[in-house]
Amino acid sequence: MSSIWTSFLEPFAYQFFVKGLLVATMAGLLCGLLGVYITLRGMSYIGHGLSHAVFGGFAASSVISFNYYLGAGIWGMASALAINRVSRSRRIGADAAIGVITTASFALGIALLSLYGNKGPSFDAALFGSIIGVADTDVWVVAAVTVFTVIVVLGRYRALLFSTFDPDVADVSGVRVARTDALLMLVLSLAILATLNIIGVTLVAATLVIPAVVARMLTDSFSRMLWLSAIIGAVGGFIGMNLSYHLDVPSGTMIVLVDAAAFCLVLMATGGRGLRGAAGLDEYVDGPLSLTPRATPSQIAP
Amino acid sequence: MTGTLTQRTALAELDDVGFGYDRRPVLDGVTLRLEAGTFTGIVGPSGSGKTSLLKILLGTVHPQRGRVTIKAGLRVAYVPQLETVNWNFPVTVAECVLMSRPQGIRWPWASATERVEVHDTLDRLGIADLAGRHIRELSGGQQQRMFLARALLRRPELMLLDEPTSGVDVKTRHEVLHLLGELNDGGLSIVLTTHDLNGVAAHLPHLVALRTRVIAAGHPDEVISPAILEATFGANMEVLAHAGMPIVVEGHHRHARQA
């Protein structure tokens, strides 16, 4: 027992691991929190798409030796706003808008790196995440984005909830839906950008979607889903990073596998009831109260 | 929207309003006056411009022609069609009702005053004990009451409802109409759209028949006539009288007679 404990504590002696663990836990919390809005808006694919779009900015800033965070951030934000704009037009669905804009951006990134070579951060780390590539700057960036996201989610809680539940009614009820959507896209772009090195382009979508889906299977309340998803994401990041060190597997891969294991556990524990709820397969249920009309409609007319 | 109650305060006035999509006119030359305390039903077939008219009153679309005058500071609430709502969304009744206070920096949790307001509004509509329920667990009538509660929490002067009885059973339709009648008696101005002539329109105090243009406006006895219905719906309909109310019967189909 003591040898397991010693083995568990061993990596904590290394600064790179502690930094990686901190970033992975915060990244899990961040993605878990934002994933709730993304999945409920039917935009699960946006995490996958935006991470690929950010990769275009990553490559472009690498080619011109520009600051990675700034270059990829501007690129990602522009892509997110373009997706939001195109999908709101209703002529093209959100999935198609994401597919066109983000894959084009990813292809451009690959073309730039092929033509001019990579002068910036590791290509592999950007794709699959890395435990050793975490610098002090990364810790501070993820911490700042996490704090900013929590402030946005708490301070704009009702506007975000209303515009996610029913954007049309929210629009006529005092919510500036377009501005709220843009704010969410900004926070999402920042989150993907900040977590790219630790989780990787190819896997960041899973950390956005899986914790939110697991939380949805466990509750029917929005506020509970929000904090449950954040906790599941954070725990997934913490355990995944530890397993990544001990098994020598890329960090993003292990974080996603831990999240997926949580999904399977909850699925078994709820016997599929949670999944039916999450997928909208529940049958219509009559409430306990049967309200009897106190007058017939004809009595309304004067 | 009546020409007989001119002494009342006008909440909204539409003067020769025109609106359309892709050069296709949806509304053309619509002139209406909506007065405080009225209960108006807008009837017409699909694509007749009912929803566009509501959107103009809500200010979410702007007419391409004509003039719209809305009373300064008018508080408007909107109740959507039940069929357009995602009932699987993870939200409880209380959470849904509280959405109507979204402006500015709002914390996730309700203030003590808001909790009392939500409870009182739900209680007024007879669903206070369902506050903690998931919205999917409500019956059709309870779901409509929840949305009415959300709208009422905005303390509106004017409530707009888009097909409030669409897709609900007869009992729920009676409940909803009765409830709206009570709210109107309490001074709330109401405009609803409907294509249900017998179940809804015939029971309302005032109707507007719309088919891109206003075909007729007035009491159901005046609006529900074979000529006006044919001009509005483009179909042959007969009107019978039962217990002092008009009842619309579809005209005979030739193939039905042959059968």
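Before reading further, recall that the structure is shown in the block above.
Here is a short report on the structure shown in this document.

## As for the side chain of Ser79 of chain A
Residue and element names in this part refer to chain A.
Part 1 of the argument: By secondary structure assignment, the location of Ser79 is in helix 4 (residues 68-88).
Part 2 of the argument: In this structure the side chain of Ser79 is engaged in a polar contact, spanning 2.9 Å, whose partner is the backbone oxygen of Trp75.
Part 3 of the argument: Residues contacting Ser79, with those up to four places away along its chain left out, are Leu50, Ala53 and Ile101.

## Examining the packing of helix 7 (residues 136-155) of chain A against helix 10 (residues 177-199) of chain A
Residue and element names in this part refer to chain A.
Part 1 of the argument: Interaxial distance between helix 7 and helix 10 falls to 9 Å at its minimum, and their mutual angle equals 155°. One way to sum up the angle between helix 7 and helix 10 is to call them roughly antiparallel. The chirality of how helix 7 crosses helix 10 is left-handed. Two secondary-structure elements touch here, helix 7 through Asp138, Val141, Val142, Val145, Phe148, Thr149 and Val152 and helix 10 through Leu183, Leu186, Val187, Leu190, Ala191, Ala194 and Asn197.
Part 2 of the argument: In terms of residue class, the contact of helix 7 with helix 10 is made up of 11 nonpolar, two polar and one charged.

## Focus: unusual backbone geometry
Part 1 of the argument: A positive phi is found at Asp248 of chain A, a non-glycine position, where the angle reads about 55°.
Part 2 of the argument: Checked against the element boundaries, Asp248 of chain A lands in the loop between helix 12 (222-247) and helix 13 (251-270).
Part 3 of the argument: Even without glycine at this site, Arg155 of chain B takes up a positive phi of about 50°.

## Quick notes on the nonpolar core
Part 1 of the argument: Ranked by size, the top nonpolar core spans 161 residues in total, and within it Ile46, Phe165 and Phe222 of chain A together with Met146, Phe147, Leu160 and Leu180 of chain B carry the most contacts.
Part 2 of the argument: Element by element, the count of residues in this core is highest for helix 2 (residues 15-40) of chain A, at 14 residues.
Part 3 of the argument: When residues of this core are assigned to domains, at least three map to each of domain 1 (1-75 + 158-217) and domain 2 (86-155) of chain B.

## Digging into helix 7 of chain A
Part 1 of the argument: Across its 20 residues, helix 7 of chain A extends 29 Å between first and last C-alpha, which sits within 8% of the 28 Å expected from 1.5 Å per residue.
Part 2 of the argument: When helix 7 of chain A is considered as a whole, its buried residues turn out to be Asp138, Val139, Val142, Ala143, Val145, Thr146, Thr149, Val152, Val153 and Gly155 of chain A.

## Let's talk about the pattern of salt bridges
If charged atoms from side chains of opposite charge come close, those side chains can pair.
Residues and elements named next belong to chain B.
Part 1 of the argument: By the definition in use, this model includes 16 salt bridges over all chains.
Part 2 of the argument: With a shortest N-O distance of 3.3 Å, Arg213 and Asp28 are connected by a salt bridge. Here the residue Arg213 occupies a position in strand 9 (residues 213-218), and Asp28 occupies one in strand 2 (residues 24-35), the gap between them amounting to 185 residues.
Part 3 of the argument: The class for Arg213 is partly exposed, based on a relative accessible area of 45%.
Part 4 of the argument: Looking at Asp28, the relative accessible area reads 22%, which means it is partly exposed.
Part 5 of the argument: Put simply, Glu175 and Arg145 hold a salt bridge, and the shortest N to O gap is 3.6 Å. Highlighted residues: Glu175 in helix 5 (residues 170-185) and Arg145 in helix 4 (residues 140-152), separated in sequence by 30 residues. The pair Glu175 / Arg145 is uniform in exposure class, with both members buried.
Part 6 of the argument: If you follow the salt bridges from partner to partner, you end up with Asp16, Asp28, Arg65 and Arg213 in one network.

Reading guide: rules and limits
- Residues numbered from 1 in each chain as written.
- Chains lettered and ligands numbered in written order.
- Predicted model: local features only at pLDDT ≥ 70, side-chain atom pairs only at ≥ 80, totals over all residues.
- Heavy atoms only, no water.
- Helix = DSSP H or I, 4+ residues; strand = E, 2+ residues; numbered from the N terminus.
- Polar contact = N/O pair within 3.5 Å; in protein donor to acceptor, adjacent residues only side chain to side chain.
- Contact = heavy atoms within 4.5 Å.
- Axes fitted to C-alpha atoms, helices over the stretch in contact; angles between N-to-C directions.
- Parallel < 35°, antiparallel > 145°, perpendicular 65-115°, else oblique.
- Left-handed = near helix turned anticlockwise from the far one by under 90°.
- Nonpolar A, V, L, I, M, F, W, Y, C, P; charged D, E, K, R; others polar.
- Core = buried A, V, L, I, M, F, W, Y, C linked by side-chain atoms within 4.5 Å.
- Buried < 20%, exposed > 50% of the residue type's maximum accessible area, 1.4 Å probe, protein only.
- Domains from an automatic or database assignment.
- Expected span 1.5 Å × (residues − 1).
- Salt bridge = Lys/Arg side-chain N within 4 Å of Asp/Glu carboxyl O.

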